[in-house]
Amino acid sequence: MRAATPPPFLDPAAEVRLEPLDATRLDAVLHIEQRAYSHPWTRGNFLDGLRAGYHMRVLVAGEASAQTVLGYYIVMQGVAEAHLLNITVAPEHRGHGWARLMLDALVLWARGVPAQPPLETLWLEVRASNQRAIQVYEAQGYRRMGLRKDYYPDGHGRREDALVMSLSLAAVAPAPRDHAQAPL
Ligand SMILES: CC(C)(COP(=O)(O)OP(=O)(O)OC[C@H]1O[C@@H](n2cnc3c(N)ncnc32)[C@H](O)[C@@H]1OP(=O)(O)O)[C@@H](O)C(=O)NCCC(=O)NCCS
């Protein structure tokens, strides 16, 4: 278990919350994205996501005047399923549970989003070499479903396999409580 010290530059009293990832956040998001990946999403990729109406959230700490973006995630909703396209935590804020928090929030969103039929499954792809992310996903209940051969560029003119993972929403959380009947 890691010590519960606050990450650098983060006021331990700062309120942390999820907010829409809109165009005003793109500079901060791109600053993280470019440090996180060998093949980062471009500004155009994020703008395409906004135009397509993807579910896009930033995790921020602090008040509007001095906010720190800790991370973000982007989800494409499909029929009875949703695909996690991007989840990233700023390098200086990793290892403090922020990815776990965002993955929990994703499950809550998926269970509550009005969809007919309701969402049943979350899917994602991850580089087969990305052990840290795979560990995070498995700790959250995602299962390995298969490999997509040569899915990602690896930067040396070669390709890298993607591990396909999924989470059954029915398997991870109880049905929402009926608050009208819940004891006080
Ligand atoms: C993968 C990533 C999102 C994880 O974010 P994070 O905020 O550091 O993850 P968390 O702190 O929520 O960690 C959750 C779990 O991950 C594992 N983990 C986190 N940090 C770890 C570390 N330093 N060493 C080993 N395992 C670690 C642990 O299982 C941890 O569970 P615990 O809190 O019970 O110890 C982050 O490393 C990242 O943005 N990486 C680059 C982008 C990326 O690869 N995204 C995924 C693309 S598919």
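Structure: above.
Keep in mind the model is a prediction, meaning the values are calculated, not measured. (Residues numbered from 1 in each chain as written. Predicted model: local features only at pLDDT ≥ 70, side-chain atom pairs only at ≥ 80, totals over all residues. Heavy atoms only, no water.)

Taken together, 20 residues surround the ligand, and among them Val 89, Gly 95, Gly 97, Asn 130 and Arg 132 come closest. Interatomic distance of 2.9 Å between a backbone N/O atom of Ile 87 and a nitrogen atom of the ligand. At a separation of 3.4 Å, an oxygen atom of the ligand approaches a polar side-chain atom of Arg 94. Within the complex, the protein chains bury 77% of what would otherwise be the 930 Å² of accessible surface of the ligand. At a threshold of 2 Å from the grid points, most atoms of the ligand map onto the largest pocket. Contributing elements (two or more residues each) for the shell around the ligand: β4 (81-89), α3 (98-112), β5 (121-127) and α4 (131-139). For the shell around the ligand, the element with the most residues is α4, which contributes 5 residues. When its residues are assigned to classes, the shell around the ligand shows 9 nonpolar, 6 polar and 5 charged. (Near = heavy atom within 4 Å. Polar contact = N/O pair within 3.5 Å; in protein donor to acceptor, adjacent residues only side chain to side chain. Areas by Shrake-Rupley, 256 points an atom, 1.4 Å probe, with all protein chains shown as cover. 1 Å grid on protein atoms, 1.4 Å probe; cavity = no way out; pocket = protein on both sides within 12 Å on 5 of 7 lines; lining within 4 Å. Sits in = over half its atoms within 2 Å of the grid points. Helix = DSSP H or I, 4+ residues; strand = E, 2+ residues; numbered from the N terminus. Nonpolar A, V, L, I, M, F, W, Y, C, P; charged D, E, K, R; others polar.)

Inspection of every chain in the model, using the stated rule, returns 4 aromatic pairs. Relative to Phe 46, the ring of Trp 41 has its centre 5.1 Å away and its plane inclined at 55 degrees; by these criteria the two rings are tilted. Arranged with centres 6.0 Å apart and planes meeting at 75 degrees, the rings of Phe 46 and Tyr 72 form a pair that is edge-to-face. With Phe 46 in helix α2 (residues 43-52) and Tyr 72 in strand β3 (residues 68-77), the pair connects residues that are 26 residues apart, well separated along the chain. The exposure classification of Phe 46 matches that of Tyr 72, with both residues buried. (Phe/Tyr/Trp six-rings, centres within 6.5 Å; stacked < 30°, edge-to-face > 60°. Buried < 20%, exposed > 50% of the residue type's maximum accessible area, 1.4 Å probe, protein only.)

Of the volumes computed, that of the largest pocket is approximately 1400 Å³. What lines the largest pocket is a set of 40 residues, and nearest its centre among them are Ile 87, Asn 130, Arg 132, Ala 133 and Tyr 137. Grouping the constituent residues of the lining of the largest pocket by class yields 22 nonpolar, 11 polar and 7 charged. (Points joined across faces, edges and corners; volume = space filled by probe spheres on them.)

Taken residue by residue, helix α1 (residues 26-36) has Leu 26, Val 29, Leu 30, Ile 32 and Glu 33 as its buried positions. Buried positions in α1, seen along its axis, are confined to an arc of 165 degrees and lie on one side of it. Of the exposed residues in α1, those oriented more than 90 degrees away from the buried face are Asp 27 and Gln 34. The secondary structure elements touched by the buried residues of α1 are α2, β2 (55-61), β3 and β4. (Arc of directions from axis to C-beta. Contact = heavy atoms within 4.5 Å.)

Here we come to the side chain of Asp 161. Looking at the element boundaries, Asp 161 is found in strand β7 (residues 159-168). In terms of polar contacts, Asp 161 uses its side chain to reach the side chain of Lys 149, at 3.1 Å. Of note is the side chain of Asp 161, whose polar atom sits 2.9 Å from the backbone nitrogen of Asp 150. Beyond its immediate stretch of four places on either side in the chain, Asp 161 contacts Val 126, Arg 127, Ala 128, Leu 147, Arg 148, Lys 149, Asp 150, Tyr 151 and Tyr 152.

Before going further, it helps to examine the sheet that holds β3. Each strand in a sheet pairs with its neighbour through backbone hydrogen bonds, running either in the same direction (parallel) or in the opposite one (antiparallel). Pairing is mixed in the open sheet, where 7 strands are placed in the order β1-β2-β3-β4-β5-β7-β6. Bordering the open sheet on either side are β1 (16-20) and β6 (143-153), each of which pairs with just one other strand. In this sheet, neighbouring strand axes are inclined to one another by 25 degrees on average, regardless of whether the strands run parallel or antiparallel. Where β6 meets β7, 7 bridges bridge the pair, whose relative direction is antiparallel. Considered in β7, the bridge of Tyr 152 is made with Glu 160. Its contacts with the sheet put α2 on β2, β3 and β4, and the angle it makes with β2 is roughly 115 degrees. (Pairing = 2+ DSSP bridges. Axes fitted to C-alpha atoms, helices over the stretch in contact; angles between N-to-C directions.)

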